Structures are given as C-alpha cells and as structure tokens.
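The primary structure of each chain is shown beneath.
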Amino acid sequence: MYADDTTLVAESEENLQHLVNQFEKACARRKLKVNSNKSKVMVCSTVTNQGVVKIQLNGEILEEVNSFRYLGSMVSRGSGVHVDVKHKIMQGRAVCGALRRVWSNRKLGMDVKKVLYEGIVVPTVLYGGETWGLKVTERKKLNVMEMNCLRSMCGVNRRDRVRNEDIRQRVGICHELAERVDMKALSWYGHVMRMNESRLTLRVYESKVEGYRGRGRPKMSWREGVKKALIVRGLDEANSMVLCKEKLEWRHFVRCIRADEVEM
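Notes on the structure in this doc start here. (Residues numbered from 1 in each chain as written. Predicted model: local features only at pLDDT ≥ 70, side-chain atom pairs only at ≥ 80, totals over all residues. Heavy atoms only, no water.)

**A closer look at the layout of surface pockets**
Then, in step 1: When its volume is computed, the second largest pocket comes out at roughly 480 Å³.
Then, in step 2: If you trace the second largest pocket, you find 24 residues lining it, with L134, R139, M220, G225 and K228 closest to the centre.
Then, in step 3: Mapped by element, the contributors of at least two residues to the lining of the second largest pocket are α5 (136–154), α7 (177–193) and α9 (222–232).
Then, in step 4: If you tally residues by element for the lining of the second largest pocket, the top one is α9, at six residues.
Then, in step 5: Grouping the amino acids of the lining of the second largest pocket by side-chain chemistry returns twelve nonpolar, three polar and nine charged. (1 Å grid on protein atoms, 1.4 Å probe; cavity = no way out; pocket = protein on both sides within 12 Å on 5 of 7 lines; lining within 4 Å. Points joined across faces, edges and corners; volume = space filled by probe spheres on them. Helix = DSSP H or I, 4+ residues; strand = E, 2+ residues; numbered from the N terminus. Nonpolar A, V, L, I, M, F, W, Y, C, P; charged D, E, K, R; others polar.)

Take a look at the structure:
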C-alpha cells in the first residue's frame, strides 16, 4: 500500500474475486477508489489452454495480461526472468543512447564517464537483479548490451576489431554485468540466511512446493543460480550457510569471481 501498488494472490478465480471485493470495500471505507483501467489480472498456470478469467472491479471486467510491471520489475505468467531482463536491457540501451553525447565528448576523461556509467547505467539495468536466475542466453544479452555501451565510451565500434578485454582495460571495469548479477544474488542470499527464523522471507526460501512437475529439464530458478555462483567461487551450499553468518567475510567472498581469488 505504501507504493499505491497492491498484488492479490489466490488459488482460484472465485477466491481472487472474493479478495478483490474485500479490497474494494476496504478502500471505499477510506474514501479511496481503485482504478479499474490500471488494474490487471494474470494467471500463472502450466495449462496451455487456460480459459479467460473474468474478475470484476467497480462493475468492470479487468484486463487479463501475460505480464505486468510491479515496483519497477516485470512479472510474467511463466517461470523465468526473461521478460524482466529484456525490459531492463531496453532501459539500459535507452540510457546509453541518452548519454551518447557525453560518451563522444573528448574533453571528458574516462574517469568521469566511468562514474556516470556506474551511477546511472548499471543501477538501471540491474535493478531487482537480486532475484534473477539467469540462463546462458540472458547472460550473453546483458554482456552484449554492456560492451556496446563501453565501446561508445571509448569511441570505437566492432569494425575497429578491438578486443573486449582491451575495452574493459581502457574503461577500468573488470566485472561483467552477468557477474554483477551473481554478486547481487549472493549478497541477498547472505542477507536471507542471516534472518531470524520467524521472518517470512526466510520461511518462503526454505519452503518446498508440492505437486506434479512435467517432463523435461527443470526451469532455471533463483536457487539454482545461487548454487552455480557458489560453485564458481569454490564453495558449496552447506559451507556457504556458515560463511554468510559473518557479514564482512561474506562481503569479501561475494566480490570474488574465481575460486583462486577467495581467501578462506
């Protein structure tokens, strides 16, 4: 409610309609009216031929969508974060395009451009990255978008045949955007592990969903992404739960990329 954005979750259409009715009554008692045009309905289901859900608010049927924006992040009906990643990449490209004159200004030093990149572009692209479990294709798209921006800062293009490593050395940025996503996820993982057992966030993380899963490889999850980031740093999940209790040591561990960089 503090952000004027509320999400109601239910297991059936009837329960959702009941929640919407109760929410509408609660707002009416406080002289508030919910905007029906801005309110959306999304069904999260593995059933492909899902019927149309008709949820009414203020006498109007709400629009059913496949994704919606909530507190700056895109939430989609299918599992995965590809919709959110795609949206953040588009925002990052828009910001880089707006700063194109700054990148091409030869009077500005690379240190100034780097500060602008770290303070504007990176937060825009990685907002909400703590909850991402990236696939290989999504990691590549993030890094490609970043390299296009860094090349603009250096005033070179792909036809100049300058290696990515040389570009990063010129700018002074060694960590790729995909690696920074891992850092943010591990930082949030350590924060969750240090929570009290009564905290809802920790209880949700430790919970297990019961039910039938279809055939095929399981889809990429946030927990799987955390496990892969731990393996890259030479640590398993059991030992990470012990290390993350020490906040300073965990922060140093998160900032390391290769296993040989970690001082245990």
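**Quick notes on the packing of aromatic side chains**
Then, in step 1: Going through the model one piece at a time under the given rule, you end up with four aromatic pairs.
Then, in step 2: On the numbers, 5.8 Å between centres and 85 degrees between planes, the contact of Y205 with W222 is edge-to-face. With Y205 in helix α8 (residues 200–206) and W222 in helix α9, this pair connects stretches of sequence that are 17 residues apart. We note that Y205, like W222, is buried.
Then, in step 3: Cluster of aromatic residues (ring-pair linked, three or more members): Y189, Y205, W222, W250 and F253.
Then, in step 4: If you follow R223 out to its NZ or CZ, it ends over the ring of Y205, 4.2 Å from the centre. (Phe/Tyr/Trp six-rings, centres within 6.5 Å; stacked < 30°, edge-to-face > 60°. Buried < 20%, exposed > 50% of the residue type's maximum accessible area, 1.4 Å probe, protein only. Lys NZ or Arg CZ within 6 Å of the ring centre and 35° of its normal.)

**A closer look at the pattern of salt bridges**
Then, in step 1: For the structure on display, the rule yields eight salt bridges.
Then, in step 2: Taking the shortest distance from any N to any O, the salt bridge between R180 and E118 comes out at 2.8 Å. Separated by 62 residues along the polypeptide, R180 in helix α7 and E118 in helix α4 (residues 110–125) bring together distant segments of the chain.
Then, in step 3: The shortest N-O distance in the salt bridge between K227 and E237 comes to 3.8 Å. With K227 in helix α9 and E237 in helix α10 (residues 237–243), this residue pair connects regions lying ten residues apart in the sequence. (Salt bridge = Lys/Arg side-chain N within 4 Å of Asp/Glu carboxyl O.)

**Some remarks on the environment of Y189**
Then, in step 1: Within the secondary structure layout, Y189 lies in helix α7.
Then, in step 2: Taking the C-alpha atoms as reference points, Y189 and T131, separated by 58 residues in sequence, lie 9.5 Å from one another.
Then, in step 3: In contact with Y189, other than residues within four places in its own chain, are Y205, W222, V226, E237, S240, M241 and W250.
Then, in step 4: Within the structure, the side chain of Y189 is placed 3.1 Å from the side chain of S240, a separation counted as a polar contact. (Contact = heavy atoms within 4.5 Å. Polar contact = N/O pair within 3.5 Å; in protein donor to acceptor, adjacent residues only side chain to side chain.)

**Quick word on helix α2 (residues 82–98)**
Then, in step 1: Across its 17 residues, α2 extends 24 Å between first and last C-alpha, which sits within 8% of the 24 Å expected from 1.5 Å per residue.
Then, in step 2: Buried within α2 are the following residues: D84, V85, K88, I89, G92, V95 and C96. The buried residues of α2 all sit within an arc of 135 degrees when viewed along its axis, so they share a single face. Facing away from the buried side of α2 by more than 90 degrees, the exposed set consists of K86, M90 and A98.
Then, in step 3: The elements touched by buried residues of α2 are β6 (73–76), α3 (100–103), α4 and α5. (Expected span 1.5 Å × (residues − 1). Arc of directions from axis to C-beta.)

That is the geometry; function is a separate question.
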